[in-house]
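# Residue-level structural notes
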Amino acid sequence: MERLARESGGLDVNSRYAYLLWCRDFADTSVVARAGGRLAGFITGYRRPAAPDTLFVWQVAVGPDFRRRGLASRMLGHLAESVRSQGVRFVEATVTPGNKASLHLFESFARANGADLTRDVLFSEHELGSGHEPEVLQRIGPLVRPIGEVDGPLARPAGLRGAEDGVRS
Ligand SMILES: CC(C)(COP(=O)(O)OP(=O)(O)OC[C@H]1O[C@@H](n2cnc3c(N)ncnc32)[C@H](O)[C@@H]1OP(=O)(O)O)[C@@H](O)C(=O)NCCC(=O)NCCS
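Residues numbered from 1 in each chain as written. Predicted model: local features only at pLDDT ≥ 70, side-chain atom pairs only at ≥ 80, totals over all residues.

### Let's talk about the site of the ligand
Residues in contact with the ligand amount to 23 residues; listed here are only the nearest, Arg67, Ala72, Ala101, His104 and Ser108. Here the shell around the ligand takes 6 residues from helix α4 (residues 100–112), the largest share from any one element. For the shell around the ligand, the residue count by class is 9 nonpolar, 10 polar and 4 charged. (Near = placed C-beta within 6 Å. Helix = DSSP H or I, 4+ residues; strand = E, 2+ residues; numbered from the N terminus. Nonpolar A, V, L, I, M, F, W, Y, C, P; charged D, E, K, R; others polar.)

Structure, rendered in structure tokens:
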């Protein structure tokens, strides 16, 4: 995941430790996609402690060879549907204004699910520092109808307890 984040460009690359910890503790709100033994994409997310009806999507990455084929949309739909039973009705993510692909991804998800999308700066350039663009919060919802389930090689990230833990495909 760390390697894919680095290859993807446009993402803040976290440490391997951070990704390992994420897969250990937040596998239920994250997803990976595999293709022929390769990691094709992932989403890391969590339910906001102060607003458990909201899934915060932290990072979305799709490998350069797998883009523009609907993979990010499928992963997002899969994840949003999988947390519906936990009462999740809203999806949030932040996107920098220049990231057209990501803006389109969330617009498309909102449209496909008949949900509203609102935008508001969450973290300013000043707060982020180092010339970072502002991070604009995209809030989507309420999600009122089932989100289309998907087929294919999507799985929970395997935690540290063993590669079989929670893998679905
Ligand atoms: C953003 C990203 C995850 C999209 O992945 P993807 O699998 O190519 O996206 P999808 O094929 O599911 O496309 C989703 C929507 O965005 C649109 N889209 C995707 N890439 C686009 C681009 N470069 N320019 C314009 N629109 C784009 C698609 O047409 C689709 O819209 P539609 O449903 O109306 O047809 C991928 O480009 C990526 O990994 N980028 C680098 C990392 C990043 O910026 N992540 C997001 C920040 S958290």
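### A few points about the environment of aspartate 65
Tracing the backbone through its elements, the reader meets aspartate 65 in the loop between β3 (51–62) and α3 (71–82). The class for aspartate 65 is exposed, based on 10 C-beta atoms found within 10 Å. Distance in space between the C-alpha atoms of aspartate 65 and alanine 40 is 8.0 Å, their sequence separation being 25 residues. (Buried ≥ 20, exposed ≤ 12 C-beta atoms within 10 Å, placed from the backbone.)

### Side note on the sheet that holds strand β5 (residues 116–123)
The strand order across the open sheet built from 7 strands is β5-β6-β4-β3-β2-β1-β7, with neighbouring strands paired in mixed fashion. Single-partner strands in this sheet number two, and they are β5 and β7 (154–155). Direction of pairing for β3 relative to strand β4 (residues 90–95): parallel, over a ladder of 4 bridges. For phenylalanine 56, the partnering residue across the bridge sits in β4 and is glutamate 92. (Pairing = 2+ DSSP bridges.)

### Some details on the packing of α3 against α4
Between α3 and α4, whose axes approach to 10 Å, the crossing angle comes to 50 degrees. Taken as axis vectors, α3 and α4 run oblique relative to one another. Helix-helix and strand crossings are classified by hand; for α3 and α4 the assignment is right-handed. Across the interface between the two elements, Ala72, Ser73 and Leu76 from α3 touch Leu105, Ser108 and Phe109 from α4. Across the contact of α3 with α4, the residue classes break down as 4 nonpolar, 2 polar and no charged. (Axes fitted to C-alpha atoms, helices over the stretch in contact; angles between N-to-C directions. Parallel < 35°, antiparallel > 145°, perpendicular 65-115°, else oblique. Left-handed = near helix turned anticlockwise from the far one by under 90°. Contact = placed C-beta atoms within 7 Å.)

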